[in-house]
Amino acid sequence: HVNMELWQQNIIDWYDEEIAAGNMINAGMTYEGGPQFFTIPQYVHDQYGITTVEDMKEHWELFKDPEDNSKGLFINCAIGWQCAEVNRAKFKAYKLDEYYNILSPGAAAAMDAALAGAQMKTEPVFGYYWAPTSLMGMYDWYVLEEPEYTDSCWEEVIKGRADETYTPKEACAYETLPIDKGIHSSLPDLAPDVVDMLKKMNVGLQPINVTAAWAVENDIQSDWEK
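Conventions we followed
- Residues numbered from 1 in each chain as written.
- Predicted model: local features only at pLDDT ≥ 70, side-chain atom pairs only at ≥ 80, totals over all residues.
- Heavy atoms only, no water.
- Helix = DSSP H or I, 4+ residues; strand = E, 2+ residues; numbered from the N terminus.
- Buried < 20%, exposed > 50% of the residue type's maximum accessible area, 1.4 Å probe, protein only.
- Contact = heavy atoms within 4.5 Å.
- Areas by Shrake-Rupley, 256 points an atom, 1.4 Å probe, with all protein chains shown as cover.
- Lys, Arg positive; Asp, Glu negative; His and termini not counted.
- Charge placed at Lys NZ, Arg CZ, Asp CG, Glu CD.
- 1 Å grid on protein atoms, 1.4 Å probe; cavity = no way out; pocket = protein on both sides within 12 Å on 5 of 7 lines; lining within 4 Å.
- Points joined across faces, edges and corners; volume = space filled by probe spheres on them.
- Nonpolar A, V, L, I, M, F, W, Y, C, P; charged D, E, K, R; others polar.
- Salt bridge = Lys/Arg side-chain N within 4 Å of Asp/Glu carboxyl O.
- Pairing = 2+ DSSP bridges.
- Axes fitted to C-alpha atoms, helices over the stretch in contact; angles between N-to-C directions.

Asker: Mind showing me how you'd approach the overall build of the protein here?
Answerer: Helix and strand content of the protein: 11 helices and 9 strands. For the protein, the spread of C-alpha atoms along the three principal axes comes to 60 × 45 × 30 Å. Residues classed as buried in the protein amount to 45% of the 226 residues present. Within the protein, contacts between residues at least 6 apart in sequence are counted, and of these 73% link residues at least 24 apart. Here the protein has roughly 11,700 Å² of accessible surface; of this, 52% comes from carbon and sulfur atoms. Mean positive and mean negative side-chain charge positions of the protein (15 and 38 charges, respectively) differ by 4 Å.

The structure is reproduced here in C-alpha cells:
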C-alpha cells in the first residue's frame, strides 16, 4: 500500500495518470532532494581536470570499454529502469554516444559492483548514480556539471526516452526534487493512523546516506537476508 520512494520524475506519465485517476495519494516528502547525476571518482576529476559532460569527450580513453577499445564505457542504470532510457536519450543529445558505449547491467547489484569495484582498484569509471545511497557515502565522487534543468529541455529528453530513433535537441541535468511517499487511495480507510504518521514523517537525505553506509560497512543487510 505504500511506496516510500516515488522518484516520480522518472515515471512522471504514470504518476500523473495514477494521481488524476485517484488511485494514489501523495503523502508528502520522505527526504529533501533525490539527486540523480553522471559521476566519476573525485581523484579522476582532480588529476585530469574533468568537470563537465563535455570534458568527457576529450578523456574517453581513460574509461575504455574492455570489450571495444575504440570507445569508452558508461555504466548505466539497470535494465528495465526508466533512468536507463532517460540516460540513453541524454547521451544522444550530448553526442556522448559517439565516444562511449552504454552498459546497462542486468541488476542493481551488478551496477554497484562495477562502480565500487573500480573505486576499490583506484581505476577510472564513468556512470550514473543517485543519492541517498551507501555507494555515495563510502567513496569520494565528483558529480559532472551539465546544463541546468529546464522544463523545455526535459520535454526533449522525454521525447528521446520514448522514441529511440529521436535525438533530443538538447539535454540537461536531472531536476532535483523532493522524494515523496505514495500511498494507495484505500489506505486512509484501512489504516488512518498509519497515513497520519506517514504524512508527518520526514527522514532526511543525510541521515539516510549515513545509515546506508553504516549498514553496508557492518554487513547489516546480509544479516537481514539470512
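Don't stop here, the text continues.
Asker: Help me understand empty space enclosed by the protein in this model?
Answerer: Take a probe with the size of a water molecule and roll it over the atoms, and the empty space left behind shows itself. If you walk through the whole model with that rule in mind, you get 1 cavity of 30 Å³ or more. Its boundaries defined by the atoms lining it, the largest cavity holds a volume of some 40 Å³. Around the largest cavity sit Trp7, Gln8, Gln9, Gly34, Gln36, Glu175, Leu177, Pro178 and Ile179, which together line it. Of the residues in the lining of the largest cavity, the class split is 4 nonpolar, 4 polar and 1 charged.

Asker: Which parts of the structure should I look at to understand the pattern of salt bridges?
Answerer: Pairing is possible between side chains of opposite charge, provided their charged atoms come close. Under the criterion given, the structure shown has 6 salt bridges. In this structure, Arg161 and Asp13 form a salt bridge, with 3.5 Å as the shortest nitrogen-oxygen distance. You can see Arg161 sitting in helix α7 (residues 151–162) and its partner Asp13 sitting in helix α1 (residues 12–21), a full 148 residues away along the chain. Judged by its relative accessible area of 14%, Arg161 falls in the buried class. Measuring nitrogen to oxygen at the nearest pair gives 2.9 Å for the salt bridge that ties Glu146 to Lys90. On the criterion of sequence distance, the pair formed by Glu146 in the loop between β8 (141–143) and α7 and Lys90 in helix α4 (residues 82–94) is long-range, its members being 56 residues apart. Both residues of the pair, Glu146 and Lys90, belong to the buried class.

Asker: Help me out: how do you make sense of the pairing of strand β3 (residues 36–41) in this one?
Answerer: The side chains of a regular strand alternate between both faces of the sheet. Counting buried positions over the 6 residues of β3 gives 6, a clear majority of the element. In terms of strand pairing, β3 meets strand β7 (residues 127–130) through 4 bridges, oriented antiparallel. By the bridge assignment for β7, Phe37 is matched with Tyr129. As paired elements, β3 and β8 share 3 bridges and run antiparallel to each other. Bridge pairing in β8 places Thr39 opposite Val143.

Asker: Can you walk me through the sheet that holds strand β2 (residues 24–31) in this structure?
Answerer: In any sheet, the strands associate via hydrogen bonds between backbone groups, in a parallel or an antiparallel arrangement. The strand order across the open sheet formed by 3 strands is β1-β9-β2, and the pairing between neighbours is antiparallel. The sheet is open, and its two borders are formed by β1 (2–3) and β2, each paired with just one other strand. The strands that helix α9 (residues 192–200) touches are β1, β2 and β9 (179–184); relative to β9, the one it contacts most, it runs at about 170 degrees.

Asker: Looking at this structure, I do not really get the environment of Thr176. What am I missing?
Answerer: Residue position: Thr176 is located in the loop between α7 and β9. The exposure class of Thr176 is partly exposed, given its relative accessible area of 47%. Considered as a pair, Thr176 and Gly33 are 143 residues apart in the sequence and their alpha carbons are 5.3 Å apart. Not counting residues within four places of it along the chain, the set of residues in contact with Thr176 comprises Gly33, Gly34 and Pro35.

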